[in-house]
Amino acid sequence: MAALNQDVLVEVEEEEEDEEEDEEDGDVVLEELEQTIFPSYGTTSEQKNLHTAEWVEFDRKPDSLFFNDGQRRIDFVLVYEDERKKDNRTKKLNKKRKRKRANYESNLINNGLELEATRSVLDEQLIFVKVHAPWEVLCTYAEVMHIKLPLQPNDLKARDSAFNWFSRLFRVDENIIKPEQEFFTAPFEKDHLSNFYIQDKDMFFNPATRSRIVYCILSRVEYEVRGNVKKFGINKLLDSGIYKAAFPLHDSCFRHKSEDPNCPSERYLLYKEWAHPQKIFKLQPLDFVRKYYGEKIGIYFAWLGFYTQMLLLAAVVGLGCFLYGCITKDNCTWSQEVCDPNIGGNIIMCPQCDRECTYWNLTITCESSKKLCMFDSFGTLVFAVFMGIWVTLFLEFWKRRQAELEYEWDTVEFLEQEEQIRPEYEARCTHIVMNEITQEEERVPYTACGKCVRMACCTSAVFFWILLIIASVIGIIVYRLSVFLVFSSTLPRHINGTEAIQKYLTPQTATSVTASIISFIIIMILNIIYEKVAIMITDFELPRTQTDYENSLTTKMFLFQFVNYYSSCFYIAFFKGKFVGYPGDPVYWLGKYRNEECDPGGCLLELTTQLAIIVGGKSIWNNVQEVLLPWIKNLIGRCCTPARSEKVIPRWEQDYHLQPIGKLGLFYEYLEMVIQFGFVTLFVASFPLAPLLALINNLLEIRIDAWKITTQFRRMVPQKAQDIGAWQPIMQGMAIVAVVTNAMIIAFTSDMIPRLVYYWSFSVPPYGNHSDYTMKGYINNTLSVFAVSDFRKESKPVPLSWFDNQTTCRYRDFRYPPGHEHQYEHNTYYWHVIAAKLAFIIVMEHIIYFVKFIISYAIPDVSKKTKSKIKREKYLTQKLLHENHLRVMKKNVGNIADKLLNVTDTIFRPKTE
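What comes next is a walk through the structure. Predicted model only: the values in this text are computed from it and were never measured. (Residues numbered from 1 in each chain as written. Predicted model: local features only at pLDDT ≥ 70, side-chain atom pairs only at ≥ 80, totals over all residues. Heavy atoms only, no water.)

**Describing the overall build of the protein chain**
Okay, step 1: For the protein chain, the count of helices and strands is 29 helices and 19 strands.
Okay, step 2: For the protein chain, with 913 residues in total, the buried portion stands at 51%.
Okay, step 3: Within the protein chain, contacts between residues at least 6 apart in sequence are counted, and of these 78% link residues at least 24 apart.
Okay, step 4: Total accessible area on the protein chain is roughly 44,200 Å²; 58% of this is exposed by carbon and sulfur atoms. (Helix = DSSP H or I, 4+ residues; strand = E, 2+ residues; numbered from the N terminus. Buried < 20%, exposed > 50% of the residue type's maximum accessible area, 1.4 Å probe, protein only. Contact = heavy atoms within 4.5 Å. Areas by Shrake-Rupley, 256 points an atom, 1.4 Å probe, with all protein chains shown as cover.)

**As for the nonpolar core**
Okay, step 1: Grouped together as the largest cluster of nonpolar side chains are 143 residues, with contacts concentrated most on Trp 303, Trp 390, Phe 394 and Phe 679.
Okay, step 2: The greatest single-element share of this core, amounting to 15 residues, is contributed by helix H11 (residues 295-328).
Okay, step 3: Once residues lying within four places of it in the same chain are set aside, the contact partners of Phe 394 are Trp 303, Phe 306, Tyr 307, Met 310, Phe 677 and Met 731.
Okay, step 4: Among the nonpolar cores identified, the runner-up in size contains 41 residues, and Leu 149, Phe 188, Val 221 and Ile 242 belong to it. (Core = buried A, V, L, I, M, F, W, Y, C linked by side-chain atoms within 4.5 Å.)

**Structural notes on the packing of aromatic side chains**
Okay, step 1: Across all of its chains, the model carries 57 aromatic pairs by this definition.
Okay, step 2: With a centroid separation of 5.9 Å and an interplanar angle of 85°, the aromatic rings of Phe 58 and Trp 652 are classed as edge-to-face. Residue Phe 58 is found in the loop between strand S1 (54-55) and strand S2 (76-81), and its partner Trp 652 is found in helix H22 (residues 651-656); the two are separated by 594 residues along the sequence.
Okay, step 3: By relative accessible area, Phe 58 is classed as buried at 15%. (Phe/Tyr/Trp six-rings, centres within 6.5 Å; stacked < 30°, edge-to-face > 60°.)

**Topic: unusual backbone geometry**
Okay, step 1: A cis amide bond links Pro 765 with the next residue in sequence, Pro 766, at an omega value of 15°.
Okay, step 2: Following the sequence through the fold, Pro 766 ends up in the loop between helix H26 (752-762) and helix H27 (778-782).
Okay, step 3: Its identity is not glycine, yet Ser 265 carries a phi of approximately 55°, on the positive side.
Okay, step 4: Within the secondary structure, Ser 265 is located in the loop between strand S9 (245-247) and helix H9 (266-275).
Okay, step 5: Positive phi outside glycine occurs at Leu 542, with the angle close to 60°.

**Some words on the state of the cysteines**
Okay, step 1: One pass over the structure, following the stated rule, counts three disulfides.
Okay, step 2: The disulfide that involves Cys 332 links it to Cys 373, with 2.4 Å between the sulfurs. Residues Cys 332 and Cys 373 share a disulfide whose torsion about the S-S bond is about -70°; that sign makes it left-handed. Within this pair, whereas Cys 332 is found in the loop between H11 and helix H12 (333-339), its partner Cys 373 is found in helix H13 (residues 366-375), the two being separated by 41 residues in sequence.
Okay, step 3: Covalently, Cys 350 is tied to Cys 809 through a disulfide, its sulfur atoms 1.8 Å apart. Disulfide Cys 350 to Cys 809: torsion about the S-S bond roughly 90°, handedness right-handed. Of this pair, Cys 350 sits in the loop between strand S10 (348-349) and strand S11 (360-361) while Cys 809 sits in strand S19 (residues 808-812), and the two are 459 residues apart along the sequence. Here Cys 350 matches Cys 809 in class, with each residue buried.
Okay, step 4: Considering cysteine sulfurs only, Cys 457 is the nearest to Cys 458, which forms no disulfide, with 6.8 Å between them. (Disulfide = S-S within 2.5 Å.)

**Structural notes on the pattern of salt bridges**
As a working rule, side chains carrying opposite charge can pair if their charged atoms are close by.
Okay, step 1: Taken as a whole and assessed by the stated rule, the structure comprises 26 salt bridges.
Okay, step 2: Of the charged contacts in the structure, one is a salt bridge between Glu 136 and Lys 190, with a shortest N-O distance of 3.7 Å. Here Glu 136 is found in helix H4 (residues 135-144), whereas its partner Lys 190 is found in the loop between strand S6 (183-187) and helix H6 (201-204), with 54 residues between them in sequence.
Okay, step 3: By relative accessible area, which is 49% here, Glu 136 ends up partly exposed.
Okay, step 4: By relative accessible area, Lys 190 is classed as partly exposed at 33%.
Okay, step 5: In this structure, Glu 606 and Lys 576 form a salt bridge, with 2.3 Å as the shortest nitrogen-oxygen distance. (Salt bridge = Lys/Arg side-chain N within 4 Å of Asp/Glu carboxyl O.)

Right, here's the structure in full:
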């Protein structure tokens, strides 16, 4: 072993000599290498002071999580390729890499970590460096990072919930995964070590905490000094290819328990009781997930599980409203009139485009009107109001649940005390400014003016790319306008509408479906592009902490995705068919394309189609992608490696061949769910089945995400997280906007308000001819009359033989007929409808907002039980860590005072005879 170490030292010395002799190489000279970031890291220039990892042979224990001595636990693994096994074409680059790696590992050892290196079993080019943090290092960094550790077990009486008997049916068996013991905790202090609850010194720091501490050290140890620029951190070494990977170890194989008696096989238990598809209806063991993966993973699955549980109520109500629509569709009077040969069969509609389009019979839309009755019913109004209240309940109850998790998982004061500055930020700190709080000089990466310039550039870039997304949406609109002409001229257009294809495939339907599919494809493509753009802008912005980085990126990505996903839905809901004029004076878009018109039943069915395609397609695509991509990559990786059936492979090498988790970790999982949350809330008035689809998707999503990170990915570095970050205010903003959008969908997109106005005002005198309130005659009343002779020359359709005797056609609007003194101007019905729509929006918004305010005020953000625990913990912290310390000091001071008094008394006491 000593010979191996000596060979490495000699090799490093030879490389440094070659570097000095190369005059063209602007690399670091010996004088520059003598500078270091932290004095405790030691020198990087003197080869005699370089420390190297201890080289060992694999001990043939594939399930072992320890060094070869069986005592020191592996807290992290670094992987690199041995340059001596490569060709000599990149010899110069290889020397640089080996020198930087040697400096880095030497500084790791000087910083207190212990390293053990071994060669790969399957590929002799790969070297695995195992990292262990001794007790002293763990204690030191636990205090520096303000990690909260147990003081004593929770002694507050637990109150059993009335629903415990029911929830117990869905919990994981406590005999398989034992519940975690609750402790009162406090930030660790080495001077008060005896006050902490230490039963087993080896288990006081659990594996997740150990890995987090080691990762903090790895992120801040330097490997090179060039001029005045200090280079440090494992992330830069990974990006430059000096190391191939860096990760903590899984504790076992997910298919079976570890043969090592010292291994708890938590990964196996997570797979069997959490990630397995058979457990789809079981509650998640969140404390166990947090223990294994850390708080950041735990809070995501806690939020996703809570969201899914709340969706159950929304899905039941939405399904009930949909079934109500299905049951009452046969009693839908206006749909019956459309399908009636004596009413709808005698109504000839005006062309919906210039020249190429022709007249058509209203009965062609019979099938779509029947479908529309299922969604455009009174139940939809009830469901829209319910969802406005539901979203408030969801957000308020999640705040309470989040507060419980913050206390139980020790993240209440995390952001203020524990989070470290990003290494990328530290590396750019070259400007010196005066801190107003401490009145001391500190380094920052940019001046106040520089920060303003960066923010202006980032904001401009965000708006520029959002405008590009809007441009793509406009392209889809142009497609709709132009393709409608094609479908209108090619699809069957006989007046009787008896052909089967004509009943189901109208020009509007064909245009809507194809445009929705193309829109979905463009959305998926733009997602890939804007993901990279958002990361580039955020990197340029240079946030200070990882939380700041993720929140900034979250805001940008959500803005991109919001416009990308929802713009087509907003167009259909609030713009299509609203500004079309009338056949004699149509409105043109871009001066060329005649604006689209809605189906006689309105645009609500088209909006429903758009939502169904995007929501359903997005869910299927994402789930298939999340399952297949990592599985296929791992399968290809196994096929490309040498045959392993006859070889014993260590745990670290098995984990290396899994997929690395992305730098952004759970960011895309949150983004996917929040976009879904938007579809469930913003447009739910047009698609009451959206919560049901979301519920089904989320039940699968939880298990797919769990399966993915447990079986297909390397173990993530455990990280702290206080909450779900910027996603919380984003959802709160969407909840407020959802009330407005749903009210406007009911008012302007659906036909509910015109029907109610007709029923209560225009079906009876003085405007109507019926003696009782009725919906009969509604279709005829809502279709205006247009004289064929009033067509402009450029928009007049091609004459047809069967239409020679017709002098008028009908169109969807509320205007006076030809021959009236105000012909083609809006009639009284129109102004009644507009007034009713505005009144409905104002009343609905105020009612829902008032109820939301009452609910928000009535539900406290922190439960009484959690408040009691927090107060008890603060009391114990004060008592055990501070008052005891003061008591000891007072006792010591008292003893010293007594001794001084005794000495003084002895000196000044009069001598006796």
